[in-house]
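Chain and residue survey
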Amino acid sequence: MNIEELFAFLMKDYGLSYRYQKFDNCFGGGWTAQTYSFYNDSGCFTIHFLLQKNELDFYRASRFSTKREELCEKMVDVSSIEPEIWNKHTKIWVFNRPFFWWNSNKILSVFAESLKVHLAKNKDFFGIRV
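Residues numbered from 1 in each chain as written. Predicted model: local features only at pLDDT ≥ 70, side-chain atom pairs only at ≥ 80, totals over all residues. Heavy atoms only, no water.

Quick look at unusual backbone geometry now. In this structure, Asn 25 is a non-glycine residue whose phi angle is positive, near 55°. The residue Asn 25 is located in strand S1 (residues 17–26) in this model. With phi around 50°, Asn 54 is a residue other than glycine that occupies positive phi space. Looking at the element boundaries, Asn 54 is found in the loop between strand S3 (43–50) and strand S4 (55–61). (Helix = DSSP H or I, 4+ residues; strand = E, 2+ residues; numbered from the N terminus.)

See the structure below:
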């Protein structure tokens, strides 16, 4: 999945800057992390992907940085944005959809959908003004 394309609306519609970075030898070993940061003067939102574990995390920082540790200032819960959209995608009738949270592509797609709706109603997300 192309994260830059999926979240291009943040650059096009809201004027955020974008930067992809790859960090090798993270966490004291041979771990590789890819970061996708969307930022402006009011803060930075980063999607952090740890390749070896297929682990996806989301962070908010007070500013953009070229240091991975500074980008990971505060972890955020993306499912807190427009929870009704998340519920629609994570449930089948009243049952939780098994393995939804293990699929990075689904998480990113639902988050992009939720963020579009949220930004149409609000002019910020995770404290980043747009």
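Picking up after the structure, the text goes on.
It is worth spelling out the packing of helix H4 (residues 83–90) against helix H5 (residues 104–121) at this point. Interaxial distance between H4 and H5 falls to 9 Å at its minimum, and their mutual angle equals 155°. Regarding the angle of H4 to H5, the classification is roughly antiparallel. Here the hand of the crossing between H4 and H5 comes out right-handed. Contact with H4, carried on its side by Glu 84, Ile 85, Trp 86, Lys 88 and His 89, involves Ile 107, Val 110, Phe 111, Glu 113, Ser 114, Val 117 and Lys 121 of H5 and no other residues of that element. Along the lines of polarity and charge, the residues of the contact of H4 with H5 split into six nonpolar, two polar and four charged. (Axes fitted to C-alpha atoms, helices over the stretch in contact; angles between N-to-C directions. Parallel < 35°, antiparallel > 145°, perpendicular 65-115°, else oblique. Left-handed = near helix turned anticlockwise from the far one by under 90°. Contact = heavy atoms within 4.5 Å. Nonpolar A, V, L, I, M, F, W, Y, C, P; charged D, E, K, R; others polar.)

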